[in-house]
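# A look at the structure
As a plain string of letters, each chain reads:
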Amino acid sequence: MPLRSPCKRRVTFGARTKLEGLPFFEALSNNRSAHNRNLNGHSHLVPMPQYHSQTDAIPLGKAIDHYFHLSLYLLVLTGFGTLASTGGLDLPTIVVVGVSLAARGYLLAKRRSLVISERWTTPLTVVYFVFFVIDFLLLSRSFLTATVHLSLFAVVVRMFSLRRERDQVMLAILAFLMVLASAVLTVDSVFLLFFATFMLMAVATFVLMEMRRSGQTATIPARPSDDPQEHRHLAFSLARVAPALMLMILAGAAVVFFVLPRMSAGYLGAYSFGTDFSTGFSDRVQLGQIGQIQQSNAVVMHIQIDGDTVGRYDLRWRGVALANFDGRNWWNSREQFPLQRQGDGRFGVPSFGTWRLAANGMPSALGGWARQGAIHYRVLMEPIGTNVFFLAPWARTVRGDYQRVSVDPGAAVYDLDSQHAISRYEAESDVSSPLAESLRAAGRNYPPQVAPKYLQLPRLDPRILPLAEQITASASNNFDRAAALEQYLKTQYGYTLQMSRTPVRDPIADFLFDRKQGHCEYFASSMAVMLRLLGIPSRVVNGFRSDEFNDLTGNYIVRAKDAHSWVEAYFPGYGWQTFDPTPGGAGGVPQGWSRVALYVDAAASFWREWIISYDASHQYVLGQTALNGTRGLWEGARLWARDHYAAMLEWARRNQARVEKSPGRWGATGLVVALLLLALGNARRILRMLRERGLQLHPERSPEQAASMWYERMTRFLARQGVPKPTTQTPREFVRKIDDETLRTRVAQFTDAYESARFGNSPQDAQRLPGLYEEVELANRK
């Protein structure tokens, strides 16, 4: 059954709209008026009509009204679910709004309505505005969060104070605002699923709202339907139409989104929230903290290395290097140096004593090296609340839509552009490293800017130095000493995330001599301290390490649980070298990781890359891809035609010879083909003629279509006779404009039968239309 509005006809006079339809809601409006008259300033729980017998036909107007309230409730519920899925709502807010929605749903299920009087809603609103100020200044301390709380309060109050149509429209707008806030609070691909569901509910709600309004403003009654299941047919029709409309809206929005010119980079991710607690990364180390937060499985970033399709790299993604230690905390000074943007948009990163190949591919220090060369990679980072670029050591250049970039003495690179949070960037790093033989011969001639800073230590447990000397007793050079400490910690101590919550006076001594197990911060801190005790400059580095690879997208997946700390030791002439004393865990693909999870990650990666971070550069790539694809198709067609040209000529010659031998047969074949093509070209007109012929012979089979056909035929006839019907006139208005009294009478009779057949589905009136049409013809001829 097609979805039909109870509206009979919409006629537009300039900017004015006139609705002619059916008064489906007369009884419902009377009930509502009586309900409002009985409020008397109090809240009332009013039962809705109940239908107990399956033979009782539910009036279509009442069914539309119930479906509308149900879809509006689902719209609000979907909007709140979208907002709650972002994780940006506090527990009390979720509980209060959730209970209110559950109560509203219960009342709808029981077909009852609870309405709060205006005498209470106005004071409640005033009181909450005062609370809004308190929330903003003292509780949330965030304008966005306080505004979200205000919107949710308005949703709860409006749900239980629906009196007029404008209240329902306001509630729908508030539901949309919840989805809009969700778009600001999250960049997760799950938002697309919630948004599609919200669009589905929005389409159903506004379709029903228009049908409801048309029914309430209708002036011409229609004959009631005899079908007791008409309300069910309406529900099934709406269930078919709403998804189709939703898909068309999303398809159109996608075209506009990708084609609309972009003037700047994608910015939605800049407003999302991220904390050290959720990512495991921090620009300082406080022993005993990462052991609790490192267990999150949330994705932090995706990294794609040019030319790597199998995941052959096992790299550390360097964040910050920490030089200062007070016995419990590692931190860094705030000294930073601005980087100059080069002509191609890249920022060159200085070495600060790091090992790298020179521009000509030769080593920057004397001695041998294990050469891997430079790599170019792209990073797509989630909004984790840090302005640090994570780079493979050692970075040469960084490139992205950032106006101000800086570097500190530890070679950490920072984003100082407050308008563009770190989201997407490209970088080039030199991942080559010197050979062990070269490092053994490096000596101890440290630069003056290195030794004082990276050898300082607080007062430590006196047992640590003898332990370090015992471990390195057999080593004759600094490299072997560092390697011995690294191996000893890896093999003699255990890795665990379950740390004691009781603070200890000396965490390093407690780890080395008592617990003998800990996480990466303890291993890195212990090695760095023992290296400094042995006179080797060292520092702790915070970043990520992951070898998880998605072969569907060619991306390395870095998660919050991959947050890691390791050690860098200085060797004269070769700079800072990496040591990792933490015992290795389960690498590669995590347990339970399946192909389905890989596809989910690929979809999330696409969402972040091509939706959240979509900017002018993405649009250029998309345009170039489309242009190259079009050129490829054209070139392929041209090459195909050239390769098959000789075969086509030979085929044409053979067919020409056959035609010459049997001209009659081929002529008949050509005539048949021409007639078939002519019929196909006019298939629509032929089908319409056949349908009209069927309606002329048997109008009672489809009264509505027959009425439309005969009325259109009548207006065409009158237009040819000099009595045209403007499109802005209703049938009744057209009748009144006819000057000839006899013709006006005949057209009025025809119009009565037309309206009864068209809007009342009357077979008897449909059968009268051919005869009435002939009377109109005769009246005009007289």
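A few points on the structure. (Residues numbered from 1 in each chain as written. Predicted model: local features only at pLDDT ≥ 70, side-chain atom pairs only at ≥ 80, totals over all residues. Heavy atoms only, no water.)

### Some details on the overall build of the protein
- A tally of helices and strands in the protein yields 24 helices and 26 strands.
- For the protein, with 782 residues in total, the buried portion stands at 43%.
- Summarising the internal contacts of the protein: among those between residues at least 6 apart in sequence, 75% fall at separations of at least 24.
- Of the accessible surface of the protein, which amounts to about 40900 Å², a share of 58% is contributed by carbon and sulfur atoms. (Helix = DSSP H or I, 4+ residues; strand = E, 2+ residues; numbered from the N terminus. Buried < 20%, exposed > 50% of the residue type's maximum accessible area, 1.4 Å probe, protein only. Contact = heavy atoms within 4.5 Å. Areas by Shrake-Rupley, 256 points an atom, 1.4 Å probe, with all protein chains shown as cover.)

### Quick look at the pairing of strand 7 (residues 316-322)
- Burial of strand 7 is extensive: seven of the seven residues sit out of reach of the surface.
- Bridge count between strand 7 and strand 22 (residues 538-545): six bridges; the pairing is antiparallel. What sits directly across from arginine 316, in strand 22, is arginine 545. (Pairing = 2+ DSSP bridges.)

### Quick notes on a nonpolar patch on the surface
- Among the surface-exposed residues, Val130, Phe131, Val133, Ile134, Phe136, Leu137, Leu138, Leu139 and Phe143 lie close enough to one another that they form a single nonpolar patch of about 850 Å² accessible area.
- The leading source of residues in the nonpolar patch is helix 4 (residues 118-139), at eight residues.
- Looking at the element boundaries, leucine 139 is found in helix 4.
- Note on leucine 139: relative accessible area 54%, which makes it exposed. (Patch = residues over 30% accessible without salt bridge, like charges linked within 9 Å, V, L, I, M, F, W, Y side chains within 5 Å. Salt bridge = Lys/Arg side-chain N within 4 Å of Asp/Glu carboxyl O.)

### Topic: the packing of helix 7 (residues 190-216) against helix 8 (residues 230-259)
- Taken N-terminus to C-terminus, the directions of helix 7 and helix 8 make an angle of 125°; their axes are 9 Å apart at the nearest point. Judged on the interaxial angle alone, helix 8 and helix 7 are oblique. At the point where helix 7 passes helix 8, the crossing takes the right-handed sense. Contacts from Phe195, Ala196, Met199, Leu200, Val203, Ala204, Val207, Leu208 and Met211 of helix 7 reach helix 8 at Leu234, Leu238, Ala242, Pro243, Leu245, Met246, Ile249 and Leu250.
- Each residue belonging to the contact of helix 7 with helix 8 can be placed in one class, and the counts come to 17 nonpolar, no polar and no charged. (Axes fitted to C-alpha atoms, helices over the stretch in contact; angles between N-to-C directions. Parallel < 35°, antiparallel > 145°, perpendicular 65-115°, else oblique. Left-handed = near helix turned anticlockwise from the far one by under 90°. Nonpolar A, V, L, I, M, F, W, Y, C, P; charged D, E, K, R; others polar.)

### Some details on the sheet that holds strand 13 (residues 374-381)
- If you trace the seven strands from one edge of the open sheet to the other, you get 11-15-18-13-6-24-23, paired in antiparallel fashion. Taken across any chain shown, the strands that pair with only one partner, and hence form the sheet edges, are strand 11 (346-348) and strand 23 (549-550).
- Note that strand 6 (residues 299-305) and strand 13 share five bridges and pair antiparallel. Note that in strand 13 the partner of glutamine 304 across the bridge is arginine 378.

### So, the nonpolar core
- One finds Trp330, Leu489, Leu512, Met527, Met530, Leu531 and Phe571 to be the most contacted residues of the largest nonpolar core, which totals 49 residues.
- Of all the secondary structure elements, the ones that give two or more residues to this core are strand 7, helix 12 (451-454), helix 13 (464-471), helix 14 (478-492), helix 15 (507-515), helix 16 (520-533), strand 25 (563-571) and strand 26 (575-579).
- Tallying contributions element by element places helix 16 first for this core, with eight residues.
- Not counting residues within four places of it along the chain, the set of residues in contact with leucine 489 comprises Phe511, Leu512, Phe523, Met527, Met530, Pro581 and Pro583. (Core = buried A, V, L, I, M, F, W, Y, C linked by side-chain atoms within 4.5 Å.)

### Quick word on the side chain of asparagine 478
- Tracing the chain through its elements places asparagine 478 in helix 14.
- The class for asparagine 478 is buried, based on a relative accessible area of 6%.
- At a separation of 2.7 Å, a polar atom in the side chain of asparagine 478 contacts the side chain of arginine 444.
- Here tyrosine 446 takes part through its side chain, which lies 2.8 Å from a polar atom of the side chain of asparagine 478.
- Setting aside chain neighbours within four positions, we find asparagine 478 in contact with Gly443, Arg444, Tyr446, Ile536 and Phe571. (Polar contact = N/O pair within 3.5 Å; in protein donor to acceptor, adjacent residues only side chain to side chain.)

### Considering helix 24 (residues 763-781)
- The end-to-end C-alpha distance of helix 24, which contains 19 residues, comes to 29 Å, matching closely the 27 Å that a straight helix rising 1.5 Å per residue would cover.
- The sharpest bend along helix 24 comes to roughly 35°, located at leucine 769, with the proline proline 770 sitting one to four residues further on.
- Residues of helix 24 that are buried include every one of Asp765, Ala766, Leu769, Pro770, Leu772, Tyr773, Val776, Glu777 and Ala779, and no others. (Expected span 1.5 Å × (residues − 1). Bend = angle between axes of the 7 residues up to and from the residue.)

### A look at the packing of helix 3 (residues 91-109) against helix 5 (residues 143-159)
- Between helix 3 and helix 5, the shortest axis-to-axis distance is 10 Å and the interhelical angle comes to 20°. Classed by the angle they form, the pair helix 3 and helix 5 counts as roughly parallel. Of the two possible hands of crossing, helix 3 and helix 5 adopt the one that is left-handed. Counted together, Thr93, Val97, Ser100, Leu101 and Arg104 of helix 3 and His149, Leu152, Val156 and Met159 of helix 5 form the full contact between these two elements.
- Looking at the contact of helix 3 with helix 5, its residues break down into five nonpolar, three polar and one charged.

### Topic: the sheet that holds strand 22
- Pairing in this open sheet of four strands is antiparallel, and the strands run 7-22-25-26 from one edge to the other. Edge strands, defined here as strands with exactly one partner in the open sheet, are strand 7 and strand 26. Geometrically, the sheet is characterised by an average inter-axis angle of 40° between neighbouring strands, direction not taken into account.
- Of the pairings in the sheet, the one linking strand 25 to strand 26 comprises five bridges and is antiparallel in character. When the sheet's bridge partners are listed, valine 567 is paired in strand 26 with phenylalanine 579.
- Where helix 14 meets the sheet, it contacts strand 25 and strand 26, and its direction lies at approximately 25° from that of strand 26.
- Most of the contacts of helix 16 go to strand 25, to which it runs at about 15°, and overall it touches strand 22, strand 25 and strand 26.

### Points about the pattern of salt bridges
- Using the criterion set out here, one finds 23 salt bridges in the structure.
- When the shortest N-O distance is used, the salt bridge between arginine 463 and aspartate 461 registers 3.0 Å.
- Owing to a relative accessible area of 15%, aspartate 461 belongs among the buried residues under this scheme.
- Measuring nitrogen to oxygen at the nearest pair gives 3.2 Å for the salt bridge that ties arginine 716 to glutamate 712. Of this pair, arginine 716 and glutamate 712 both sit in helix 21 (residues 703-720), separated by four residues, roughly a single helical turn.
- Each of Asp344, Arg346, Arg396, Glu428 and Asp430 takes part in one network of salt bridges that share partners.

### Comments concerning helix 3
- Here helix 3 spans 26 Å end to end across 19 residues, near enough to the 27 Å set by a 1.5 Å rise per residue.
- Among all positions in helix 3, only Thr93, Val97, Ser100, Leu101, Arg104, Gly105, Leu107 and Leu108 are buried. Along the axis of helix 3, the buried positions cluster into a sector of 160°, meaning they face one direction only. Facing away from the buried side of helix 3 by over 90 degrees, the exposed positions are Leu91, Pro92, Val99, Tyr106 and Ala109. (Arc of directions from axis to C-beta.)

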